[in-house]
Amino acid sequence: MNYMNGENISSALNMLDDDIIEEVDRLRSGSAVFKPKRRYVRWAALAACLCMIAAGVFVWFSSADRQGRIPADEDYLDEDIHASLIPCFIYQGNLYEGHGSIFTNPDLAGEKLGTAKMSHSSLITDWGNEDFTGTVNGDVYTVKGYDPSFMLCIKESLSVWIFVRKTGWEFKKGSELLEDKLHLSENFLRLLYESQYSWAQGLKEKHYLINDELVEKFIAEIDSAEFIPCDSIPLGAKEQSIFNKRLSHLYFDLKGGIEARFYLLAGGYVIYEGVSDVCVKLSDETYMEMLEALEGSR
């Protein structure tokens, strides 16, 4: 477990985008009313985050071991992890984390499993193994077409909030996650991308990657690649974390309205945002082709 220090505060704050901050605030309050985005929400959340850091209670963790294994539930629950800024809940002994909202298809929600209730404590270690204890409020459902051991959702009147299981995985190859669980090739509709600069500035300047052959090659390569732990990615002299290496954000639009988000890092590393402790590495050829295509499609 890596604790937050003065050198990586900035990179941690940059990981909190507007959608996550606003959705967490809305779900924690129990409101089902969609509200237009306001920039002050982000700054209030960041100010609160800085206060937590000053108090020495904000924890940053990246827990994949050297075999590329995603930590089991006990690896998280053995530590005093503060989760107050993380949209998450417990289900069947595993931790599910928020992965974005879908406003186009609320009917994506399937069978109701229970109701998530915000815990009185921000420590995961205080939660026990009681289902649906977490940091959000709302009715929890399965997601149609997806294994509930991988993905669940909280349904509201205008949207569903997707939660992806974070703990307990032992993936070896990319296809075990991307095809067996996410069904990427089967459900893929289109690929959009956004530069790191646009993402960091909140510009949301997304572009289509119009090169089906390259997209198919990219998916096939990450499917066949071996997972490696993200903490094994080498950092440059001025890089405080792997997130300083992000070049582009890739958004795979899938059938049903699901958006699968990936990071493309310098050096050809690819991370699926839903399970972000492990990554795959592209061949130099495919990496360079992706860089040229992303630059040329703007």
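It should be noted that the structure appears before, not after, this text.
Computed from a prediction, not measured in an experiment: that's the story for all the values here.

(A) Up close: the overall build of the chain. When you go through the chain residue by residue, the secondary structure sums to nine helices and 14 strands. A burial count over the chain gives 53% of its 298 residues as buried.

(B) Expanded view of the packing of aromatic side chains. Per the counting criterion, the structure on display carries 14 aromatic pairs. On the basis of an interplanar angle of 70° and a centroid distance of 5.2 Å, the ring pair of Phe252 and Phe262 is categorised as edge-to-face. Taken together, the positions of Phe252 in strand β11 (residues 246-254) and Phe262 in strand β12 (residues 259-265) put the pair 10 residues apart, joining distant regions of the chain. Overall, the relative accessible area of 0% leaves Phe252 in the buried class. One aromatic cluster is present, built from ring pairs that chain together Phe89, Tyr91, Tyr96, Phe132, Trp161 and Phe163. The ring of Trp169 carries Arg165 above its face, with NZ or CZ at 3.8 Å from the centroid.

(C) How the structure looks around empty space enclosed by the protein. Tallying each qualifying case throughout the model produces three cavities of 30 Å³ or more. What the largest cavity holds in volume is close to 60 Å³. Lining the largest cavity are Gly174, Leu177, Leu178, Ile222, Phe227, Phe262, Val270, Ile271, Tyr272, Cys279 and Val280. Of the residues contributing to the lining of the largest cavity, the split by class is 10 nonpolar, one polar and no charged.

Parameters at a glance
- Residues numbered from 1 in each chain as written.
- Predicted model: local features only at pLDDT ≥ 70, side-chain atom pairs only at ≥ 80, totals over all residues.
- Heavy atoms only, no water.
- Helix = DSSP H or I, 4+ residues; strand = E, 2+ residues; numbered from the N terminus.
- Buried < 20%, exposed > 50% of the residue type's maximum accessible area, 1.4 Å probe, protein only.
- Phe/Tyr/Trp six-rings, centres within 6.5 Å; stacked < 30°, edge-to-face > 60°.
- Lys NZ or Arg CZ within 6 Å of the ring centre and 35° of its normal.
- 1 Å grid on protein atoms, 1.4 Å probe; cavity = no way out; pocket = protein on both sides within 12 Å on 5 of 7 lines; lining within 4 Å.
- Points joined across faces, edges and corners; volume = space filled by probe spheres on them.
- Nonpolar A, V, L, I, M, F, W, Y, C, P; charged D, E, K, R; others polar.

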